Structures are given as structure tokens and as C-alpha cells.
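A structural walkthrough
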Amino acid sequence: MKTSTAHARSGLSKYRTIVVSIALFIVFDLGVLVMNFYISSQITKDAIGVNLAGRQRMLSQRTAKTLLQLQNATQNSGDVEKPLEELRKTFNLFDGTLRSFNEGGQAVGGDGKPVILERVDDPAGRAAIEKAFAVWTPYREKLQPVLTGDVPARVAALPDVVSYALANNVQILDQMNFLTTALEHMASAKADRLRLIQVGGITLALMNFFVILFHFIRQLRESDAMAEAARRETQDILESVSEGLMLLDRDLKIGDQYSRSLETIFNRQNFGGCSFPEMLREVVPEKIYKEASDYLDILFKEHVNIKLVASLNPLGKVHAYFDYGQQSKYLAFQFSRVHNKDRKLFHLLVTVKDITAQVMLENELEQSQKQAEEKVNMMLGILHVEPPVLREFLDRADRSLREVNDTLKRYGSKRRARDDQYGQVLQDIFPIVHTLKGEAALLELALFVDKAHAFEDTISELRGRANVSGDDLLSLTVKLDKLMSDVQAVREMVERITSLKETFDPAPATTEAASVKLPKVASVAPAPLLASDEFQRLAQKLADDQGKQVSLAAHGFETLALVGEAAATLRDALVQLVRNAVVHGIEVPQERTRAGKAAAGTVRLHAKAAADGYEIICHDDGRGLDAERLRAAALKSGRWSAEELSGWDEHRLRGLVFESGLSTAEAVTTAAGRGVGMDVVKRKVEALGGHLAFATQPGHYCAWRITLPGVLGLDQLGFKAA
Amino acid sequence: MNEQHLKIFVDSATHYFKHLSNEPAAVQVPYLIDHDESLIYDYTGVIGIAGLYKGNVYFSAPEGMMRYLLTTQGENKHTPEHCLDVVGEIANTLAGNARRELGSEFLISVPFKIAGKPDMMLLAKKSRSYAIPIQWRFYMAVLVVSVEE
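Now for a description of the structure that goes with this document. (Residues numbered from 1 in each chain as written. Chains lettered and ligands numbered in written order. Predicted model: local features only at pLDDT ≥ 70, side-chain atom pairs only at ≥ 80, totals over all residues. Heavy atoms only, no water.)

Examining the sheet that holds strand S6 (residues 327-339) of chain A
Residues and elements named next belong to chain A. Quick note on the threshold: Should DSSP find at least two bridges between two strands, the strands are regarded as paired. Put simply, DSSP marks the helices as runs of H or I at least four residues long and the strands as runs of E at least two long, and each gets a number from the N terminus on. Axis lines are fitted through C-alpha atoms, for helices just across the contact stretch, and the angle between N-to-C directions can take any value from 0 to 180 degrees. We call two residues in contact whenever any of their non-hydrogen atoms come within 4.5 Å of each other.
With antiparallel pairing, five strands are arranged side by side in an open sheet as S4-S3-S7-S6-S5. With one partner strand each, in any of the chains shown, strand S4 (254-258) and strand S5 (318-322) form the two edges of the open sheet. Strand after strand, the sheet turns through a mean of 40° between neighbouring axes, direction not considered. With two bridges joining them, strand S3 (residues 244-248) and S4 adopt antiparallel strand pairing. Of the residues in S4, the one forming a bridge with leucine 248 is isoleucine 254. Against the sheet, helix H7 (residues 286-299) engages S3, S5, S6 and strand S7 (345-354), with an angle of about 10° to S6.

Dropping the structure here:
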């Protein structure tokens, strides 16, 4: 503000000087001109005077000559009229002109027209006139009878006047000569004065001109220096500022002055005169471009409050693409109005910042926070499980997920031969995921239960579709990847927890510690896979979820010589049997009470060595296998008609429990409802070389018997030669 | 890398075939591969990804498929350069669509193309890569998305 006032003042001062200088210049020139006019007119008058004075010399001589001619004509009786007329004319002309020189007034000019003669005041001229009058006055009187008298009078006067003329003629001529010379001197003096005035005026004008010139050159140099300094300052700012700065006019054209950073931000040069919207169009999506164009229109409407519409700025944070999409950046545009002196909106100042690094950092931060939260939740979800057990689960989960991936890979590498190929894929991977979910539920690992359940949801949804394509399966692969990542993340976490535990509680190298450090040994050692407390927790949780009461008793498992894969497989089967018993077998307390049973149901797991192997029984005192419910489920599945099913006996109907995708549960939950369970148990038992059988009495019990051959899994212990 | 991101790449590849030959390509069962698994055919177009996500996406196809594509386009010359041009064009399509559709977390590089089978492609080590088999006519190609955060 201060600067602008100073500028205004210096501008006024500058104008005052130039106005005064130019006024002086004009005054000098006008003065010279006026004087020139005045003196020129004087000189003109003087020239007439000189001319007429010169004519007086001639007239004085002509008077004398005409007198002599008249005398001669009179004496010789010649024609007197002509010389007399000539004499009259010459006399009048000489007399009138001499009077005009003496008193000032009208005279007859050289061309016969009247001219005004000024009275001669010059002393020399005056003297000449007076002397001329002294001679002329008697001369004139003597001439009167000649000019106006009759012939006798004229003849009588003529000798005297001729005699006078001859005596004084030269004197009159001399005086007229003096007069002429005096008038010439006077005119010459005026001409000199005029020259002097002109020289003086022009000198002053020139001096004034040089003053102006000097003053202005100095001012121009100062202004140039100031402008150059201001330009340099502006240039320095524009060169060094990290933001892109530019001015837009009402046509949204970019001004010639813009910051160097603009070139860096937009990867181009020469913005001056370019259309801002067109430049924008090249780097942002069409939708943003259109919104930005509308927004810029609003900004140029002066009645709109720019602060109120700032939140509508579509370019506040925009993703821009450069070099034909080879490079992308996040840019932030800000707009400010620039007004002129009349407070009229003149320009828009655009500030552009490259905020890519900032946005990336924000994204990374957000991502890190999300990951940290996930890890905390993950940790909270696994803390209740002992590391060796968890590690065992993770190994099995890893194997299961790899099996799923191997199945996908197997189908993925084939050319599509049959339309039902995808259905087969889904059918193959479903039991694997289901088993994994069961194991996770056994350990109360909600993270894996939920994810495996979501995986099952996706499979079920795809199985329900009439047409499935390869890219529909992409969601399965993504879920598989996430599950694998979770397994890996939990494994890393377990290792970290174990490491921390060892750091703060360095225990002697006991068997347990060794098993922690040597996971491979843990995987083949007879880990407590069949520990009853886990099954009790599983049964309890399932019962709680279903509003039931249950107690689980397990015994005899210590006699089983099962390790590694075989133990894991049996464990999977037992998990499924217990789930089946609690979910489908045990009734809710009210129903049990009505049936005369204890409110809490009982599940018993019993293992014993048999003659040719092992026998494991899972018994529950629930409702048993209801053939009619199975019939209804089979009908609902649409695989069999009512007519077909009506012909089936109870034994055949109960055989439906081994059908995949058939469930008697009313709704799908994480516990049941997929119709996958007993078929998986059967496959697993058969994979161990065993058999699965069941016995049931509706309303009283259901018992499953697994018979396994000899010693299983001991070949996996990896004995080495002693 | 979520399903939506993957679909952008898959759709770009399949639309390329549909646009070029009016015969859509079929996506086969997608699966995961580890960083030490080699899955590559005769010609491969690769785009690099930087930013919040890092890695690469490549489309690899057997020579037969490239030749057939050239024939479909009325090109009788089936030199390795011609085949490379085709796979380069597919990679360009992938890169172009990715730049348009993906968010700022993805900075897409200029595509490059490879003839022959390198011993190993540089796949993401921290996580698995997605292998999406694509069948067009009798040929199987693969789109591999190998990106980690």
C-alpha cells in the first residue's frame, strides 16, 4: 500500500514537471511567434516606407524635370497639358507622401492603392523630413500658380519656380535620400531585433528542450531501473517459488508471466497465451475438466463470494496424467481474484502445487494404520491359543490352502473342455475350506473362521449360479490369497510372540521350548491334537451359539499312536463329528425337557485299541438321525423328486447324510447349513484306510464309529540309521 | 491388490481379443504362483507398477497365438518382430486402461516386451502373484499380476 502511494506521488510529480516544461516550451515558441508577427509587420511597414521614401527621390527629380518640360512647351508654344498633368500628379504624390511621413496617415502605394504610413519618429528621418519641408514649403507655394492658375499666371510664375527648382532640387533629393537611409536603418534595426528575439526564443526553447530531455532521460532511466528491479524481483520470485503461479484473463488465457515451477509441474513450456481449460483437459479426466470449466465461470462472476464457493473447487485435489498417461501426479489448484484500480475483477491468480508426495504419504500412513489395526486384532484373536498348537494349525491351514491353490492351478492350466469344469472346481475346494473352518473353530480363531466362512459363501454363491465363468472365480483366488497372507502374518506374529516370550522368560531348554524352536519336530511329534479340552471348548462354543447346553467327555485317545498327517486327518474328522453332534443332534433345552431328557446334552468321544487297529466312537444323546428331515432336505435340494424319495426306506434316507450339499439346518451359519460335513468325514476316514459307520435311534441318540487300521503315520517320523 | 484392480487388467486383456477378432477370450481358473515359479510363454509384454503398490503385470502368450492374431489382422509376415509388436500392443492396452482406471496408488510404467523365455520373471517376493489363464481359440496365454504393497 505504501509503495503504491509513493508510486502515485512520484507519477504526479513526473507529470507536473512535464506539463510545466511543455507549457514553457509553448510559451517560448508562442512569444517568438508573436514577436515575429509583430516585427514582421513592422518590417513590412518599414519596407513600404523605404520604398515610398525612395519614390520621393524619384518624384523630386520628376517634378523638376516636368517643370522644365512645361517651361519649354510654354516658350515654344507646344503642348503644355501633358507636362502640366504630369506635374500635378507628381506634385500631389510627393506632397501627400511627405505629409504622411511627417504626420502619419494614408498615402498612395507603389501600386496606386492606398497605404498607411506611420509618422517617422527616428531622429535622422525626422531631421530629413523637416529639412525637406523647409525646402518644399516655398517650392510648393511657388508651384501653386503653375498648377492651379490660369495661363498668364502660370507663365508668369514659371520662371521663378523653375529657378527655385533648379536651385533646390538636389537638396530635396538629398533629404529624401537621408529619409530613405534613415528608414532603411530603422527597418534593419527591427530586423536585427527580430533576429535577436528569434535567436533568444529559440535558444530558450532549445534550453527548455534540453532540460526536458535531460529530465526525462534521467526519469526514464530511474523508471527503467525501478522497472528492471521490480521485474528482476518478480522474476526471482517466479523462478524460485515452488508453486506454479499464473494469471488468467477473462478468456481464461494464461498470462505471459508465470512461475518456473509451472513448467516442472506440467512437464511443458510456453504457457503464455494458452487456454487454461484446454491445458487442463489434456491432464485431467473429462468430468473434472467440465466441472472445472463451470467453476471458473463462477469465479469470474463478481457477485459470487469466492470463499463460499471454495469448497466446490473440483481441482482442490486432482489426479492428473502427463506425457500421454506415462506419468501421474496429484495436483492442488487454488484460485484468487485480482482486481484492478477500479475494483473490477481483472484476473484470476492460479496457484498449483504438486502434492503427490503428500498424498502418497497420507495413503501410506492410512495403509500402515490399517495394517497395524489388523495386526492388533489378529494378535488379540490368537493370544488364547498356545504357540505350538497354533503353529500346528497354521501348518495345516497352509497345507489346506495350498491344496486349494493346487486344485485351482490344475484346472487353470487346462483348456476349457467342459462347461461344468468350474462347478467341479468349486466342489473340489469346498470340503477343504470347510475343514479348515472347522479346525479354526476348534481353536476359536474367529479371524480364520470368518474368512473361511466368507470363502464358503462365495463358493456357495457361485455354485448357485446357472453360468460360471473363469473371471467369476477371481474373487475366490483373491480370498485365497488373503487367507494365505493371514496365515503367513499370524505365523510371523507367533514367531515374534515366542521370541519375546523367550527374551523375557528365558527357560531352560525343556522339551516344550525345544518344540517351539524346532517346529518340524513339533509337526511330527504326537502333539495334543486330540486334547479333550479343545473339543470341549468347540462343543461349548457351538452350543452357546445355538442356545443349547452340552457337556463333552473324551477318553482313550492316549492309546492312539497317531502322528502327523494321519492325526490331523482324524482330528478333522472328529471336529466335524462333534460339530454335527452339537449342531444337528443335541436339542435345545426346552425340547430335551419335553422329551424327558436332561436339559444339557452329552457328547462322548471314546477311543480304544481294537484287534486290527483302533475304534473311535462319537456318541450324542440328541434327536438322532431323522429320516423324514433328511427326506425333506433331499426334496428341497431338487436333486430327487418327491416320487423318487417316497420309495426310499429309512436306511437309504439316512444314507443321505453322506451326500454333499445336503443340509438339514434351517439357515446357513458358521456352524452348519452348507450340507458339507459327513461326506468330508467319510472321505477323511477312508483316506486313512478306515471305515465310517453310524447307529441311531430317533429321539434318543446318534453314534458314529470310526475304525482305523493298525499304526498310522509312524512312517512319517523320519527314523535315521543309528 | 483387490479383485476390482485385477478385473481391470483381465477385462483389458479379454476386450483386446474381442475388439480385434470379434471372438472373446475366455478366462480360465485363476490361481496363485510363488515368486520362484516360472510361468511364461514365447512372447511377453510387461508393464511396471510403482507408487504405493510395486511390481509388474505381464501378458505372456505362445508364438502360435501371436501368429494367429497376426493372421486375423491380415498380416502375413510372422517374424519375431511382428509377434513382439502384437504382445507390445496388448501391454500398451493394459497400461493405458490401468492408467485410466486405477487410482493414484498405481504409477504405470512404459510397457516393454520380451521375446523368448527368460529363466525367471521378477515376481513379488513378499506375496504371491495372480496367474490368470486366458484362452483364445485353441491357445492358452497367461496374465500375471505380481504386485505387493
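Some thoughts on the pattern of salt bridges
All names here are of chain A. The criterion, for reference: Just to be clear on terms, a salt bridge is a Lys or Arg side-chain nitrogen sitting within 4 Å of an Asp or Glu carboxyl oxygen. For every residue, the accessible area obtained with a 1.4 Å probe (protein chains only) is divided by the maximum for its type, and the residue is called buried under 20%, exposed over 50%, and partly exposed between those limits.
Enumeration according to the criterion identifies 40 salt bridges over all chains in this entry. Between lysine 597 and glutamate 587 there is a salt bridge, with its nearest N and O atoms 2.7 Å apart. Note that lysine 597 is positioned in the loop between helix H18 (589-594) and strand S9 (601-610) and glutamate 587 in the loop between helix H17 (564-585) and H18, a separation of 10 residues in sequence. Note on accessibility: lysine 597 and glutamate 587 belong to one class, buried. Among the ionic pairs, arginine 592 bridges to aspartate 621, the shortest N-O distance being 2.8 Å. In this pair, arginine 592 is assigned in helix H18 and aspartate 621 in the loop between strand S10 (613-620) and helix H19 (627-637), connecting sequence segments 29 residues apart. We note that arginine 592, like aspartate 621, is buried. By sharing partners, the salt bridges in this structure join Glu587, Arg592, Lys597 and Asp621 into a single network.

What about the side chain of A:Asp621?
Quick note on the threshold: For the purposes of these results, a polar contact is taken to be a pair of N or O atoms within 3.5 Å, where, inside protein, one atom must be able to donate a hydrogen and its partner to accept one; residues adjacent in sequence count only when each atom of the pair is a side-chain atom.
Only 2.8 Å separates the side chain of A:Asp621 from the side chain of A:Arg592, close enough to count as a polar contact. Apart from residues lying up to four places away in sequence, A:Asp621 is in contact with A:Ile586, A:Glu587, A:Arg592, A:Lys597, A:Gly601, A:Thr602, A:His700 and A:Tyr701.

Overview of H19(A)
Residue and element names in this part refer to chain A. Where we set the bar: Within this analysis, the arc is defined by the directions that extend from the helix axis to the C-beta atoms.
Buried within H19 we find Ala627, Leu630, Ala633 and Ala634. For H19, the angular spread of buried residues about the axis comes to 120°, placing them on one side. Taken together, the buried residues of H19 touch helix H20 (642-646) and helix H21 (650-654). Phi turns positive one or two residues past the end of H19, at glycine 638, with a value near 80°.

With respect to the environment of B:Thr79
Residue and element names in this part refer to chain B. When you line up the elements, threonine 79 lands in the loop between helix H2 (63-72) and helix H3 (80-101). Separated by 12 residues in sequence, threonine 79 and arginine 67 place their C-alpha atoms 8.7 Å apart. Within the structure, threonine 79 has its side chain in polar contact with the side chain of histidine 82 (distance 2.5 Å).

Thoughts on the pairing of strand S11 (residues 691-697) of chain A
Consecutive side chains along a regular strand alternate between the two faces of the sheet. Residue and element names in this part refer to chain A. As defined by bridge partners, S11 adjoins strand S12 (residues 701-709) across seven bridges and the pair is classed as antiparallel. Bridge pairing links threonine 696 to cysteine 702 in S12. Hairpin geometry of S11 and S12 is characterised by an intervening segment of three residues between the two adjacent antiparallel strands and by a positive phi of about 85° at glycine 699.

Regarding the layout of surface pockets
The following threshold applies: The pocket and cavity definitions rest on a 1 Å grid over protein atoms only: a 1.4 Å probe that fits but cannot leave marks a cavity, an open set with protein on both sides within 12 Å along at least five of seven lines marks a pocket, and residues lining either have an atom within 4 Å of a point. Grid points are joined across faces, edges and corners, and a volume is the space filled by probe spheres set on the points.
Within this model, the largest pocket holds a volume of roughly 1200 Å³. Among the elements of the structure, helix H9 (356-382), helix H12 (446-463) and helix H13 (474-504) of chain A together with strand S8 (139-148) of chain B are those that each provide at least two residues to the lining of the largest pocket.

Focus on the sheet that holds S10(A)
By way of backbone hydrogen bonds, the strands of a sheet pair with one another, either parallel or antiparallel. All names here are of chain A. Taken together, five strands build an open sheet; the order of strands is S8-S9-S10-S12-S11 and the sheet is mixed. Taken across any chain shown, the strands that pair with only one partner, and hence form the sheet edges, are strand S8 (550-555) and S11. Looking at each pair of strands side by side, their axes are set apart by 15° on average, direction ignored. Strand direction decides the pairing type here: S10 and S12, joined by eight bridges, are antiparallel. Considered in S12, the bridge of isoleucine 617 is made with arginine 705. Relative to S11, helix H22 (residues 678-687) is tilted by about 140°, and along the sheet it contacts S11 and S12.

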